[in-house]
Structure formats: structure tokens, C-alpha cells
Amino acid sequence: MLRRHLSLCHGLLLAALVFATPAWSADPVHKEKVELTAGKAAYSVKGKIKGYATAEYTLTGKAGQTLSVKLKTNQASNYFNIRQAGQEEALFIGSTSGNSYQAKLPADGEYTVQVYLMRNAARRNAVASYSLEMGLRD
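From a predicted model like this one, the values you see are computed outputs, not experimental measurements.

Asker: Can you explain the overall build of the protein? Please cite residues and give values.
Answerer: Broken down by element type, the protein carries three helices and nine strands. The order of helices and strands in the protein, counted from the N terminus, is α-β-β-β-β-β-β-α-β-β-α-β. Across the 138 residues that make up the protein, the buried fraction comes to 33%. Counting contacts in the protein only where the partners sit at least 6 residues apart, residues at least 24 apart contribute 78% of the total.

Asker: How would you sum up the side chain of Thr54? Please name residues and give values.
Answerer: Residue position: Thr54 is located in strand β3 (residues 54–61). Dropping the residues within four chain positions of it, Thr54 is found in contact with Pro28, Val29, His30, Ile49, Gln114, Val115 and Tyr116.

Asker: So what about the environment of Tyr52? Which residues, and what values?
Answerer: Relative to the assigned elements, Tyr52 resides in the loop between β2 (42–50) and β3. When its relative accessible area of 38% is taken as the criterion, Tyr52 is described as partly exposed. In the structure, Tyr52 is positioned 66 residues away from Met118 in sequence and 8.4 Å away in space, judged by C-alpha atoms.

Asker: Describe unusual backbone geometry, with residues and values.
Answerer: Its identity is not glycine, yet Asn125 carries a phi of approximately 60°, on the positive side. By the secondary structure assignment, Asn125 is in the loop between α3 (119–123) and β9 (127–137). Asn125 sits in the partly exposed class, given a relative accessible area of 43%.

Asker: Describe the nonpolar core, listing the residues and the values that go with them.
Answerer: If you look at the biggest cluster of nonpolar residues, it comprises 28 residues, and the most contacted ones within it are Tyr57, Val69, Phe80, Val115, Leu132 and Met134. Elements with a contribution of two residues or more to this core: β2, β3, β4 (66–73), β5 (78–84), β8 (109–117), α3 and β9. Here the element with the most residues in this core is β9; it accounts for five residues.

Asker: Quick one: what's the story with the side chain of Gln75, residue by residue and with numbers?
Answerer: For Gln75, the location among the structural elements is in the loop between β4 and β5. Judged by its relative accessible area of 15%, Gln75 is buried. Excluding residues that lie within four positions of it along the chain, Gln75 makes contacts with Leu117, Ala121, Ala126, Val127 and Ala128.

Asker: Residue-level account of the sheet that holds strand β6 (residues 92–93), with values.
Answerer: Within the open sheet, the five strands sit side by side as β1-β3-β8-β5-β6. Their pairing is mixed. In this open sheet, the two strands that pair with only one neighbour each are β1 (29–33) and β6. Sheet analysis places β5 next to β8, joined by seven bridges and oriented antiparallel. Paired with Ile82 across the bridge in β8 is Val113.

Asker: Provide a residue-level description of the pairing of β8, including the pertinent values.
Answerer: Here β3 pairs with β8 via seven bridges, running antiparallel. Counted as the bridge partner of Gly61 is Gly109 from β8.

The rules behind each value
- Position numbers for residues start from 1 in each chain and track the written sequence from start to end.
- The predicted nature of this model means local features are confined to residues of pLDDT at least 70 and side-chain atom pairs, given and counted, to a pLDDT of 80 or more, with totals for whole chains, interfaces and linings taken over all residues.
- Only hydrogens and water are removed before side-chain values are computed, so all heavy atoms of the structure are retained for them.
- Runs of E in the DSSP output that reach at least two residues are strands. Runs of H or I that reach at least four are helices, and both are numbered from the N terminus.
- Buried residues are those whose accessible area, probed at 1.4 Å on protein chains only, stays under 20% of the maximum for their type, while exposed residues exceed 50% and partly exposed ones sit between those limits.
- Whether two residues are in contact is decided by their heavy atoms: any pair within 4.5 Å suffices.
- Take the buried Ala, Val, Leu, Ile, Met, Phe, Trp, Tyr and Cys residues and link them wherever side-chain atoms come within 4.5 Å; each set so joined is a nonpolar core.
- Here the rule is simple: two strands pair whenever DSSP picks up at least two bridges between them.

Put into C-alpha cells, the structure is as follows:
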């Protein structure tokens, strides 16, 4: 009897954990490594995101190089952020600064451009079709 009760409790606990998993955890994150070199200093991509899904494009740059990123989209709530590896604060926040960035990189390392929908659109499961242009030059 005690064993059956424990099995039932374990089953209920497992079900509670499965159903308590945050909704965002099931949303896909498209990750792509972008190779920008002297021979290929620009990269363009077209994509689509829906709801809380995001797309992340990671590139490697050197201090003093100029990174440029431009997002064209059909969705007013579609933006991008730029994060520098190892830093807590974003280098650029699109929702407050727009859909275009150009500046010198502060340090050598990896930088990630994350394309996303603002919460108001993500909550409605909106879809954004976008094109993203990234460039890196000395």
C-alpha cells in the first residue's frame, strides 16, 4: 500500500513539473555561426520568427573593428540586440535604439546578434519575416 502511494505521489510530482515548465522553454532558438573575414566582410540572411522564438547569429570580431547590423522587417515589434560574450549588459538594445547599429567593437571576442519579437507581439504568437545584414570592417 505504501509503495503504491509513493508511486502515485511520484507520478503526480512528475506531472506537476512537466506542466509547470515555462512556456518559453519550448520555443525554438535558431543559432548560426557567422564567419566574417577579410574575404567575406558582409553577411545577409532572411528568416522568420514566431511568438517567443528567437534567432541568434554569432560572429567573432576584434577591438576597433566596425560592426554594422541592419534589420528590415514586416513586423513593427521585431528588433535585435547585440551581446558581447562575457558581459551582462547588452551592447545594443534594438527596442530602444532602432533597427540599425554601427560602432567600433570594444574588445576582441564573440558577439551575438539576437533577433526577437517584443513581448506584446510574442504573446499574440505574431510572425515576423526579416532580413538581417551584418558587416565587419577594419
